[in-house]
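So the chains spell out like this:
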Amino acid sequence: AAASVNFHHHQPPTARRPHSPPSFPSPTLTQHKASKGCRRLLVVKMAYRLITQVVLIGTRVLGRSFAEAYKQAAASSAYQRAHGQSGNGTTGRASLSSGMTLDEACKILNVKPPQNGQANMEEVMERFKRLFDSNDPKKGGSFYLQSKILRARERIESEAGPHMEKAEQEAEIKEGWNPKLYKEKK
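Quantities reported herein were computed from a predicted structural model and do not represent experimental measurements.

### A word on a negative patch on the surface
- Taken together, the side chains of Glu 165, Glu 168, Glu 172 and Glu 175 present a region of like negative charge at the surface.
- Here Glu 172 is to be found in helix 5 (residues 143–175).

This is how it looks when you write it as structure tokens:
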């Protein structure tokens, strides 16, 4: 049985306002729940994607910063080793332990650098005492500056110390062993 189609039956048009949007049928309850679930799924997927991007970007930033810090530490170590080998052995070790170069120490105390290990230790001590006392925190000075002054004196002493000891030993050898004897008073 074939279905017959009546082309002549005409339904009257529904009255519509001009320029009004077409009306859609209201969603059923099951369609509403389905669309709500789709929205939740979409929000979860977007949140997952966002969190993944944040983690990946953060990992890249941390990786780059660690790599840069490693490069800087390696360069600093190579620089220190190069300066330790250029002079005598004590110069490099002293600057590594105090963290201050000999030139910097001389500038802080405003003294001339030691020539061949010979330094005017009286001048160094005089300037050290004056600067150290004038930067006393109890007198309104700076503890930071005071510690820098102390490290500068130590750095100059570490440079001049072995040479001064060697000079004292050579002078003692020239004079000969001359013990100091004390006679007891009777």
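### Digging into the environment of Leu 131
- Within the secondary structure, Leu 131 sits in helix 4 (residues 121–134).
- Exposure remark for Leu 131: the relative accessible area of 18% places this residue in the buried category.
- In this structure, the C-alpha to C-alpha distance between Leu 131 and Leu 109, residues 22 residues apart in sequence, is 7.9 Å.
- With residues up to four places along the chain from it excluded, the contact list for Leu 131 reads Ile 108, Leu 109 and Ile 149.

### Considerations on the packing of aromatic side chains
- Considering all chains together, one arrives at 1 aromatic pair under this definition.
- The interplanar angle of 35° and the centroid separation of 5.2 Å between the aromatic rings of Phe 128 and Phe 132 together place this pair among those described as tilted. You can see Phe 128 and its partner Phe 132 sitting in helix 4, 4 residues apart, about one turn around the helix.
- Phe 132 sits in the partly exposed class, given a relative accessible area of 26%.
- Seen from the ring of Phe 128, Arg 153 lies directly overhead, with NZ or CZ sitting 4.5 Å from the centre.

### Some words on helix 3 (residues 102–109)
- Burial in helix 3 covers these residues: Leu 102, Ala 105, Cys 106 and Leu 109. For helix 3, the angular spread of buried residues about the axis comes to 100°, placing them on one side.
- Residues of helix 3 that are buried make contact with helix 4 and helix 5.
- Note on helix 3: the residue one or two positions beyond its end, Asn 110, has a positive phi of about 55°.

### Concerning the confidence of the model for the protein chain
- Predicted confidence across the protein chain gives a mean pLDDT of 76, with 68% of residues reaching 70 or more.
- Note that pLDDT drops below 50 for residues 87–94; the model gives that stretch 9 contacts with residues more than four away or on any other chain.

### Describing the packing of helix 3 against helix 5
- Two numbers describe how helix 3 lies on helix 5: the axes approach to 9 Å, and their chain directions differ by 125°. When the interaxial angle is binned, helix 3 and helix 5 end up oblique. The interaxial crossing formed by helix 3 with helix 5 has left-handed handedness. When helix 3 is examined against helix 5, the residues Leu 102, Glu 104, Ala 105, Cys 106, Ile 108 and Leu 109 are found in contact with a partner set consisting of Lys 148, Ile 149, Ala 152, Arg 153, Arg 155, Ile 156 and Glu 159.
- Among the residues making up the contact of helix 3 with helix 5, the classes are represented as 8 nonpolar, no polar and 5 charged.

### Looking at the environment of Val 111
- With respect to the helices and strands, Val 111 occurs in the loop between helix 3 and helix 4.
- Excluding residues that lie within four positions of it along the chain, Val 111 makes contacts with Cys 106, Glu 123, Val 124, Arg 127 and Ile 156.

### Some words on the side chain of Arg 153
- Residue position: Arg 153 is located in helix 5.
- With residues up to four places along the chain from it excluded, the contact list for Arg 153 reads Leu 109, Val 124, Met 125 and Phe 128.

### Things to note about the nonpolar core
- In terms of nonpolar packing, the biggest core is built from 14 residues, with Leu 109, Val 111, Val 124 and Ile 156 touching the most fellow members.
- Residue assignment for this core shows that the elements contributing at least two residues are helix 3, helix 4 and helix 5.
- In this structure Leu 109 touches Val 124, Arg 127, Phe 128, Leu 131, Ile 149, Ala 152, Arg 153 and Ile 156, once residues within four positions along its chain are discounted.

Calculation notes
- Residues numbered from 1 in each chain as written.
- Predicted model: local features only at pLDDT ≥ 70, side-chain atom pairs only at ≥ 80, totals over all residues.
- Heavy atoms only, no water.
- Patch = residues over 30% accessible without salt bridge, like charges linked within 9 Å, V, L, I, M, F, W, Y side chains within 5 Å.
- Areas by Shrake-Rupley, 256 points an atom, 1.4 Å probe, with all protein chains shown as cover.
- Salt bridge = Lys/Arg side-chain N within 4 Å of Asp/Glu carboxyl O.
- Lys, Arg positive; Asp, Glu negative; His and termini not counted.
- Charge placed at Lys NZ, Arg CZ, Asp CG, Glu CD.
- Helix = DSSP H or I, 4+ residues; strand = E, 2+ residues; numbered from the N terminus.
- Buried < 20%, exposed > 50% of the residue type's maximum accessible area, 1.4 Å probe, protein only.
- Contact = heavy atoms within 4.5 Å.
- Phe/Tyr/Trp six-rings, centres within 6.5 Å; stacked < 30°, edge-to-face > 60°.
- Lys NZ or Arg CZ within 6 Å of the ring centre and 35° of its normal.
- Arc of directions from axis to C-beta.
- pLDDT = per-residue confidence, 0-100.
- Axes fitted to C-alpha atoms, helices over the stretch in contact; angles between N-to-C directions.
- Parallel < 35°, antiparallel > 145°, perpendicular 65-115°, else oblique.
- Left-handed = near helix turned anticlockwise from the far one by under 90°.
- Nonpolar A, V, L, I, M, F, W, Y, C, P; charged D, E, K, R; others polar.
- Core = buried A, V, L, I, M, F, W, Y, C linked by side-chain atoms within 4.5 Å.

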